[in-house]
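Residue strings, one per chain:
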Amino acid sequence: PLRLIMVGALSFIKGQDIFADAIYKLPKEVTDNINIIFCYGSDEKDNSYDTLVEIMDNLSKYISVKVFDSLPHDEMLSLISTADFLIVSSRQETMSAVTAEAWMTGTPAVLSDACGISYYAKEEMRKLIYHTGKSTELTSMIEKCFDIRDSDLYEELTTSGREVYTENFTHEAFERNVLREIELASGKNNHCIIP
């Protein structure tokens, strides 16, 4: 089966309802071969929380679903590494830390184009970006994930994800970027003069 994982607080912004709608549009022979993992332990609750809990409950009657309400960070990373793809169907997401962590573990991420982190995606990784809120587009992408997982492209995606993580999101990369910004602000590489 294809293992999909979604991590994040149940909220309108995170778009679990978009993901559920995409799953409902899949034919039964496809859903019979998908396992979904939800990790949504959080104290954050918005007005759509109860509705989303109901959506998740209904989805579990239709497809294989495992729900983890709360996990220590290292266990969550381990769980992400066992998935074939991370799904991020957010309606709005400046920087998805869980995507960076998925890339670090070698798990490719299917992203809505509302995710700011998609800026860092390399060309082959952009094949997993869909238009925000378009559940039909996400349905098609999930179907393609079967072929991608069993192709050379999957290895490219895992390698690219690790490279993007190393180049941009490690402690060393963060330190390097901060030092570069300080250097630019101090005027060493430009004509800016700061008193």
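Reference entry: report on the structure contained in this document. Nothing here was measured: the structure is a model prediction, and the numbers come from that model. (Residues numbered from 1 in each chain as written. Predicted model: local features only at pLDDT ≥ 70, side-chain atom pairs only at ≥ 80, totals over all residues. Heavy atoms only, no water.)

1. A look at the pattern of salt bridges
Two side chains that carry opposite charge are able to pair once their charged atoms sit near each other. Applying the stated criterion across every chain, the model contains 8 salt bridges. A salt bridge links Glu163 to Lys122, with the shortest nitrogen-to-oxygen separation between them at 2.6 Å. One end of the pair, Glu163, is in helix H7 (residues 152–168); the other, Lys122, is in the loop between strand S5 (109–112) and strand S6 (129–130), with 41 residues separating them in the sequence. Looking at Glu163, the relative accessible area reads 33%, which means it is partly exposed. Of the residues examined, Lys122 reaches a relative accessible area of 25% and is grouped as partly exposed. Put simply, Asp150 and Arg149 hold a salt bridge, and the shortest N to O gap is 3.3 Å. Take Arg149: its relative accessible area is 23%, and that puts it in the partly exposed class. If you follow the salt bridges from partner to partner, you end up with Asp84, Arg149 and Asp150 in one network. (Salt bridge = Lys/Arg side-chain N within 4 Å of Asp/Glu carboxyl O. Helix = DSSP H or I, 4+ residues; strand = E, 2+ residues; numbered from the N terminus. Buried < 20%, exposed > 50% of the residue type's maximum accessible area, 1.4 Å probe, protein only.)

2. Here's the deal with the packing of aromatic side chains
For the structure shown, the criterion picks out 5 aromatic pairs. A ring pair is formed by Phe19 and Phe38, whose centres lie 5.9 Å apart and whose planes are at 75 degrees; its orientation type is edge-to-face. Here Phe38 lies in strand S2 (residues 34–39) and Phe19 lies in helix H1 (residues 16–24), a separation of 19 residues in the sequence. Neither residue differs from the other here; Phe19 and Phe38 are each classed as buried. Aromatic pair Tyr119 and Tyr120: ring centres 5.1 Å apart, planes at 85 degrees, arrangement edge-to-face. Under the relative-accessibility criterion, Tyr119 is labelled exposed at 63%. Among the residues examined, Tyr120 registers a relative accessible area of 28% and is labelled partly exposed. By the ring-pair criterion, three or more aromatic residues cluster together here, those being Tyr119, Tyr120 and Phe169. The ring of Phe12 carries the charged tip of Arg91 above its face, separated from the ring centre by 3.9 Å. (Phe/Tyr/Trp six-rings, centres within 6.5 Å; stacked < 30°, edge-to-face > 60°. Lys NZ or Arg CZ within 6 Å of the ring centre and 35° of its normal.)

3. Side note on the pairing of S2
The buried count for S2 comes to 5 of 6 residues, which makes it a mostly enclosed element. Taken together, the 6 bridges between strand S1 (residues 2–7) and S2 define a ladder with parallel strand orientation. Following the sheet pairing, Arg3 is matched in S2 by Asn35. Bridge count between S2 and strand S3 (residues 64–68): 5 bridges; the pairing is parallel. Note that in S3 the partner of Ile37 across the bridge is Lys66. (Pairing = 2+ DSSP bridges.)

4. Some details on the sheet that holds S6
With parallel pairing, the 6 strands of this open sheet are ordered in space as S3-S2-S1-S4-S5-S6. Looking at strand neighbours, the two that pair on one side only are S3 and S6, the edges of this open sheet. Where S5 meets S6, 2 bridges bridge the pair, whose relative direction is parallel. By the bridge assignment for S6, Ser112 is matched with Tyr130. In the packing of helix H4 (residues 73–82) onto the sheet, the strands contacted are S1, S2 and S3, and the crossing angle to S1 comes to about 145 degrees. (Contact = heavy atoms within 4.5 Å. Axes fitted to C-alpha atoms, helices over the stretch in contact; angles between N-to-C directions.)

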